[in-house]
Amino acid sequence: MSNPATPPRSLAEALRARDDASLAVLLRARPDLITPVPTDLTQLATRAGTRASVLRALERLDRFALQTAEALAVAGDPAPYQELLGLMAGDGGDPAVAGALPRAVTALRDQALVWGDDDRLRLVRTAREVLAPSPQHPSPTGLGPTVREATSGMSPGRIQEIVATAGLPSTHDSVSAVDALTKLFGHRRKMAKLLAAAPAESREVLTRLLWGPPYGQITPEPAAHLRWLLDRGLLLPTAPGTVVLPREVALHLREGRAHREPQPAPPAVEPAAAHRPQVVDATAAGQAYTALATVEELLKDWDEGGPAVLRAGGLSVRDLKRTAVALDVSEPIAAFWVELAYAAGLLASDGEADERYAATPAYDEWLDRPPAERWAQLAEAWLTATRTAGLVGGRDAKERALSALGPGLDRSAAPEVRHRVLTLLAGLPEGTAPAADSVLARLRWERPLRGPQQQDDLRGRLARWTLSEAELLGVTGRGALSAHGRALLGAPPAPASPAAAESAGPGDKLPVHHHHPAPAPTPAPLSPPEQAVAAAAAGRLLAPLLPEPLDHVLLQADLTAVAPGPLRRPLADALGVLADVESKGGATVYRFTPASVRRALDAGQTAADLHAFLVGHSRTPVPQPLSYLIDDVARRHGHLRVGAASAYVRCDDDTVLNEIMADKRASGLRLRRLAPTVLATQADPAALLEGLRAMGFAPAAESAEGDVLITRAHAHRTPPRTAPEPVPDGPPSPDSTLLAAAIRAIRAGDLAATTPRKSTGTPVKGGELPRTSPAETLATMQAAVLTGDTVWIGYVNAEGTATQRVIAPIRVEGGFVTAYDHTADEVRTYPLHRVTGVAELADE
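Residues numbered from 1 in each chain as written. Predicted model: local features only at pLDDT ≥ 70, side-chain atom pairs only at ≥ 80, totals over all residues. Heavy atoms only, no water.

Caption draft 1: Fine view of the pattern of salt bridges. Applying the stated criterion to the full structure yields 34 salt bridges. Note that R9 and E13 form a salt bridge whose closest N and O atoms lie 2.7 Å from each other. According to the relative accessible area criterion, E13 is buried, its value standing at 12%. A salt bridge links E129 to R125; the shortest N-O distance between them is 3.0 Å. Residue E129 and its partner R125 are both found in helix α8 (residues 125-131); the two are separated by four residues, about one turn of the helix. Taking relative accessible area as the criterion, E129 reaches 48% and is therefore assigned partly exposed. Taking the relative accessible area as the measure of exposure, R125 reaches 60% and is therefore exposed. (Salt bridge = Lys/Arg side-chain N within 4 Å of Asp/Glu carboxyl O. Buried < 20%, exposed > 50% of the residue type's maximum accessible area, 1.4 Å probe, protein only. Helix = DSSP H or I, 4+ residues; strand = E, 2+ residues; numbered from the N terminus.)

Caption draft 2: Molecular detail of empty space enclosed by the protein. Under the criterion given, the structure shown has six cavities of 30 Å³ or more. Estimated volume of the largest cavity: approximately 90 Å³. What lines the largest cavity is F336, E339, L340, A343, W382, A385, R387, T388, A389, R418 and E469. Counting residues per element, the lining of the largest cavity draws most heavily on helix α18 (residues 331-343), at four residues. Split into classes, the residues belonging to the lining of the largest cavity amount to six nonpolar, one polar and four charged. The space that makes up the second largest cavity amounts to roughly 40 Å³. As for the second largest cavity, its lining consists of L440, L443, R444, R447, L449, D457, R459 and G460. Residue contributions to the lining of the second largest cavity peak at three residues, all from helix α22 (residues 436-446). (1 Å grid on protein atoms, 1.4 Å probe; cavity = no way out; pocket = protein on both sides within 12 Å on 5 of 7 lines; lining within 4 Å. Points joined across faces, edges and corners; volume = space filled by probe spheres on them. Nonpolar A, V, L, I, M, F, W, Y, C, P; charged D, E, K, R; others polar.)

In structure tokens, the structure reads:
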């Protein structure tokens, strides 16, 4: 074990000096490091330095922590804290940067991106390679190579010429010449004197290259002002026709700063408008009810089997347009409702040969639940889903169209972004709506874009979609987070509203307060059980705000009925058969037509049943025109009978059949008379029914026994389906139990790998298993049982995997050793023939 007073010589030693709490912070921030659990701390350090893991960790840094890492990449290796502070705050200092820098260094240390004491800070090698300047990968700082790096291929004679022109004494070798030039460029007073003599055009060239990129092009015969810079090493050639501004020169011109604009504090989320909390909650509740009605309408429209599934999966563009028209919304919003129903497990493909989308059995269970619980299920599914409806209509990486319910819509960052956006809204005073641009600015500070991500700001698009979808779903109202939305998030109570918000009316603009709070720790999304509890709590808060279902309508003389609010389900279902929905909104308008009345009669109702239904559920008298309409349709309903011949029509009144035969529209049905009261056709009964109804008749289908067939909509359901599982963004964050077990195993493995051993007579190189003969192994084990000593063994399991273990033998018999395994922290039994060797541990 290393002496705690001795500075660590490697990342592994630095990790070995950490306590369990510090290791837990690392493994929670970088869960990929324990997938699978490393055998010891050396393997953990190796894994923490791999390129994939380092890139993932860098992507999760906030802007200031990333700027700190970028500054360390252009500092010396190792770099004292004061050098890093100079690069971040500049020669003049910056109190805000100085105050925030310790937090950034701690964050980098916690994630094992930086190790070493404050006087010897080291950025892990892979991170330095990623962030350090190079012609292929320019540094985000805009700095170029050092003088030493830029002159590595330059001839000694040319270096001596530059040193002499810069006013320095000549040296006996190139190394000391480069050192002298580096010291000159780092000396503020001498550099100021040198640059004061520069022509104005030369200083202008330096200004253009100052903040990057530091490379420029020159001709074979450069102009005088460029020659002046080249002669003094203020520009150095890197390739034919290319020059670079050395890092030391740029830092002098920047007054020591690595970044043009250090951002030590996150931008504040600015308020855009304030509303009374009651108004926000009521608005959100109204929209929540509309969301429930929309999902019901969608699935009712697909009740007998929805659109066909494309061969590649998903909805066709035509079917999405039809759905948008049926829901009276735009296509992107229709895609959102379709994807939401799918994420909640209410919608799926039926898996038949002619595959179609339909409601699942879970939809019927969902319909039977109270409205608030139904909303909570939708909201929970939305918050945790990785499927992203906003991508519908776009293209994937292979330029294939992305369709609703199709593949390619999962974005693993979506749940985290939704949670974070709502958390930012929860941090505002109650009833306050944020400015969308300030939310996006905050998210960009928390996860700055790097490399290819700069071309595709997915997190920004996800944030915009979150704001609009939260409003559609009723999580927010008028842009502000509602009380039930806050409960869905599991957030604490809202901060007290400022006095200005108390008197602000809806839409009033709030004064903008420019302040830069210290970044609060970002709460992690809830675990599935915690999220279920939070969703249930949100539903309980929403329940009193939802309108009570009504048991009545208002009938009007123009053959319409007005439902002044939501109707109870039996009433809504019955009225939906008897009338057509004409308009929706706060009040729903239904229109009675001959076709709708006939639909009710086809479903088995009689005229008397319909009259009784209207009288029992109308707060106004039944208008005479509506009574006449029902009686007129009922009088003609079933007068004609259609059966199977292929199909036939029979009617006791032969004049009606004569009228049908004389009608030119009947020619397509190819009817012929079999008897004065019977017509026959080769068309099937369904086509004959449809044709006669199109001619204005009201035929009824009959069975083989001559009874009227009652037709009801057939509810098509898929087999039981589970909701789609979210696609995780890498390994899940480990819980406390897993962390404790992993740390215990790593510590035990490290003990096995680092504990001194007594000599066995055969030297054991680092990483190799001990080797002893079977007789020696047996004798050492038996001795350890008698003395209670702990020994070190090499062991090869049944799969051929070799490991080192530290064990305390308890019993040796029958070719097996039973021992307490310090590596696994449990008692285990090992076959002796799989033990490669054994060594006693050295006395401490």
